[in-house]
Structure formats: structure tokens, C-alpha cells
Amino acid sequence: MPTSSASARSTDAAKPSNGGGVQSLERAFDLLERMADAGGEVGLSELSGSSGLPLPTIHRLMRTLVACGYVRQQPNRRYALGPRLIRLGESSARLLGTWARPYLARLVEETGETANMALLDGDEIVYVAQVPSKHSMRMFTEVGRRVLPHSTGVGKALLADCPAEEVRALLARTGMPAATEKTITTPEGFLAALEQVRRTGYAVDDNEQEIGVRCLAVPVPDSPTAAAISISGPAGRVTEAATERIVPVLQEVARDLSAALANTGGH
């Protein structure tokens, strides 16, 4: 016997998931993540195709997300991520930076150079945490600063595993302005740099963002949101010989930070 829409909605909202949660909540967050993966704006049929959920279920969930301000409906009837998500994202990014600070402090102790943590936010890199070097000559990047990925070590680390077509699309949107004469300014050059990151396991910014400064960066594996950590210092200190010593430390700290973030899930 067919159920009424009210009955179906009630059943859907109350039905527990396999993990012991509420299925409709899991589905709503899954749809938000699918929207983000699609660039922030999608149609219902696209969501249905990618999620496997029936259109009536998606429409019901989206109506609730629109009412809460987490999604908005565009004039073309497509759905876009809503402005209320910005506050949640900014707060979680600050928390992520707070959790990372002890690990960045360890990097400073073991390498002597300034340590940073950065995320990919849309098409830009945003720095969410920093612990400065104790040297009198040290690098300083303001937390919250935004830069383009193509001229940074953290940008290369964060994009290294992205499909080439997605990287090309990002570069087409941002352009590739030269911060210095050493900045990579062609998609082919940047894709070659990403191939080197995959081969070596770390990324280098060699005077590409600022003359006289070298940065070494690695991704944080299995981070809940794409994140990278780096050290930065004067090119005279962050030499090739120093790189051989620093990169294993970076990779170890990234693994430890990843494990710590995995344990914040409250299981």
C-alpha cells in the first residue's frame, strides 16, 4: 500500500542509518558535499544521478536545506551552496588551525624554520595556522591570507593528486600571474611541477612567491578537508642539503597530524 508523502518524510527522517545515525541527516550532508564537488551549483537531476537517490527524496532534503539557509535556489531553478555555510567553514578552519598548532610548533623545533598550514578554499589557498621561526630573519604569512595555488609550495602539494583537467580549469579561472620572475606561468609547467611532487612526495616553492624565500610542503594525508603543511625560510638556509633533512620531518608530522584529526571524530 503506498504511503503518504508526510508518512514517507517522517519515516525517512527517523530511519537510523547503518552507522547508528539518522539517515536523512547523512543524506543531506552527502548532497552538500556532492554540490561542493560539482563546483557549488547543481540541478536535482544531477544530484539524483550521482547520489542514486530518487528525485522526491532529494527535493524534500533540498527544501529543508533551503529553508535553513544552507542551500539557495537560483533563478534558473538550479541549487547553489548557501551563505550560512560560510560561517561554519570559517569556524571549522579556525579550529583546524588550532588543532594543528602543536604539530607546527614541533616542525619549528625540529627544522628551525617557520611552519604553516594551508587549505584549498575554492580556487585559492588560505593559510589557517602559522608558528614562526625563532630566527631573527624569518618568514611571516598572515593567518587568513589568500594566495593563488600556482606560485606556492602548499598549492602544489594540495593539487598534486587532482586530475589534470581539473587543474587546467582552475588555472584558467585564476590566471597565472607572476609574483616573481621564477613563478610558473604556464599550465604545462605547473602540471610538470605536480608530476614532480607525486614522484618525490613533497613540493617546493623556489623563490616563486617571494624572491629569497624557499618553501617545502607536503599534503596532510586523509585530512577531512584538503590540507597541507609547509616550512618556509630564507633560500640561504633552506638549501638542497637542508631539504634532505627537513622533508622526512615534514612527512612524519603530516602523518601524525592526520592521525590526530582522524581521532577528533568522537567515536
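Keep in mind that this is a model prediction, so the values were computed, not measured.

Cut-offs used in this document
Starting afresh in each chain, residues are numbered from 1 along the sequence in its written order. Selection of residues for local features in this predicted model requires a pLDDT of at least 70, selection of side-chain atom pairs for listing and counting requires 80 or more, and totals for whole chains, interfaces and linings are taken over all residues. To obtain the side-chain values, all non-hydrogen atoms of the structure were included, while hydrogens and water were left out. Here a helix means four or more residues in a row that DSSP labels H or I, a strand means two or more in a row labelled E, and each is numbered from the N terminus. Note on classification: 1.4 Å probe, protein chains only; a residue is buried when its accessible area is under 20% of the maximum for its type, exposed when over 50%, partly exposed between these limits. Contact criterion: two residues are considered in contact whenever any of their non-hydrogen atoms come within 4.5 Å of each other. Only strands joined by at least two bridges in the DSSP assignment are considered to pair. A fitted line through C-alpha atoms serves as each axis, taken over the contacting stretch for helices, and the angle formed by two N-to-C directions is quoted from 0 to 180°. When we speak of the arc, we mean the arc of directions from the helix axis to the C-beta atoms. pLDDT is defined as a per-residue confidence score from the predictor, taking values between 0 and 100. Residues enter a nonpolar core if they are buried and are Ala, Val, Leu, Ile, Met, Phe, Trp, Tyr or Cys, with the set joined through side-chain atoms within 4.5 Å. We call two N or O atoms a polar contact when they sit within 3.5 Å, provided that within protein one can donate a hydrogen and the other can accept it, with sequence-adjacent residues counted only if both atoms are side-chain atoms. The residues that make up patches have over 30% relative accessible area and no salt bridge, and they are joined within 9 Å when like-charged or within 5 Å when they are Val, Leu, Ile, Met, Phe, Trp or Tyr. For the accessible areas, the method is Shrake-Rupley and the probe is 1.4 Å, while residue cover comes only from the protein chains on display. Take a side-chain nitrogen of Lys or Arg and a carboxyl oxygen of Asp or Glu: if they are within 4 Å of each other, that pair is a salt bridge.

1. Digging into the overall build of the protein
1) Next: Broken down by element type, the protein carries nine helices and nine strands.
2) Next: Looking at the protein as a whole, 42% of its 267 residues qualify as buried.
3) Next: The contacts of the protein with a sequence gap of at least 6 include a subset with a gap of at least 24, amounting to 55%.

2. Some words on the sheet that holds strand E6 (residues 146-147)
1) Next: As summarised here, the arrangement of the six strands in space is E6-E5-E4-E9-E8-E7, forming an open sheet in which the pairing is antiparallel. What marks the edges here is a single partner per strand, and that holds for E6 and strand E7 (203-206).
2) Next: Note that E7 and strand E8 (residues 213-219) share four bridges and pair antiparallel. Across the sheet, Ala 203 pairs through a bridge with Ala 217, a residue of E8.
3) Next: Sitting on the sheet, helix H9 (residues 240-262) is in contact with strand E4 (114-121), E8 and strand E9 (227-234), with an inclination near 35° to E8.

3. Things to note about the environment of Glu 33
1) Next: Tracing the backbone shows Glu 33 in helix H2 (residues 23-37).
2) Next: The spacing of Glu 33 and Leu 81 is 48 residues in sequence and 9.7 Å in space, taken between C-alpha atoms.

4. A short note on helix H7 (residues 164-174)
1) Next: Within H7 the residues assigned to the buried category are Val 167, Leu 170 and Leu 171. Projection of H7 onto a plane perpendicular to its axis shows the buried side chains occupying an angular sector of 95°, all on one side. Exposed side of H7, more than 90 degrees from the buried face: Glu 165, Ala 172 and Arg 173 are the residues found there.
2) Next: The first or second residue beyond H7 is Gly 175, which carries a positive phi of 75°.

5. Remarks on the confidence of the model for the protein
1) Next: On average, residues of the protein score 85 in pLDDT, and 88% of them reach the 70 mark or higher.
2) Next: Ranking the helices and strands of the protein by mean pLDDT puts helix H8 (residues 187-200) first, with 97, and helix H1 (residues 5-14) last, with 35.
3) Next: Note on residues 1-17: pLDDT is under 50 here. Beyond four places in sequence and across chains, it has 18 contacts.

6. Some details on the nonpolar core
1) Next: One finds Leu 104, Leu 107, Met 117, Ile 229, Leu 250 and Leu 257 to be the most contacted residues of the largest nonpolar core, which totals 29 residues.
2) Next: Of all elements in the fold, only helix H5 (84-111), E4, strand E5 (124-131), E8, E9 and H9 reach the threshold of two or more residues within this core.
3) Next: Looking at this core, the element that brings in the most residues is H9, giving nine residues.
4) Next: Residues within four places of Leu 257 in sequence aside, it is in contact with Trp 99, Ala 100, Tyr 103, Met 117, Val 220 and Ile 229.

7. A short note on unusual backbone geometry
1) Next: Phi is positive for Arg 77, close to 75°, though the residue is something other than glycine.
2) Next: The phi dihedral of Asn 207 falls on the positive side, at around 65°, and the residue is not glycine.
3) Next: Positionally, Asn 207 belongs in the loop between E7 and E8.
4) Next: A relative accessible area of 12% means that Asn 207 is categorised as buried.

8. Overview of the side chain of Thr 183
1) Next: Within the secondary structure layout, Thr 183 lies in the loop between H7 and H8.
2) Next: On the basis of relative accessible area, Thr 183 is assigned to the buried category, the value being 8%.
3) Next: A distance of 3.0 Å separates the side chain of Thr 183 from the backbone nitrogen of Ala 179, its partner in a polar contact.
4) Next: Within the structure, the side chain of Thr 183 is placed 2.9 Å from the backbone nitrogen of Thr 180, a separation counted as a polar contact.
5) Next: Not counting the four nearest positions on each side in its chain, Thr 183 is found in contact with His 150, Ser 151, Pro 177, Ala 178 and Glu 208.

9. Looking at a nonpolar patch on the surface
1) Next: Taken together, the side chains of Val 22, Leu 25 and Phe 29 define a hydrophobic patch exposed on the protein surface, amounting to about 280 Å² of accessible area.
2) Next: Within the fold, Phe 29 resides in helix H2.

10. What about the pattern of salt bridges?
As a working rule, side chains carrying opposite charge can pair if their charged atoms are close by.
1) Next: Tallying each qualifying case throughout the model produces 17 salt bridges.
2) Next: Notably, a salt bridge pairs Asp 30 with Arg 34, separated by 2.7 Å at the nearest N-O pair. One end of the pair, Asp 30, and the other, Arg 34, are both in helix H2, four residues apart, so they sit about a helical turn from each other.
3) Next: Look at Asp 30 and you get partly exposed, because its relative accessible area is 28%.
4) Next: Measuring nitrogen to oxygen at the nearest pair gives 2.5 Å for the salt bridge that ties Arg 78 to Glu 46. Taken together, the residues Arg 78 in the loop between strand E2 (71-73) and strand E3 (79-81) and Glu 46 in helix H3 (residues 44-51) connect sequence positions 32 residues apart.
5) Next: Each of Arg 106, Glu 110, Glu 252 and Asp 256 takes part in one network of salt bridges that share partners.

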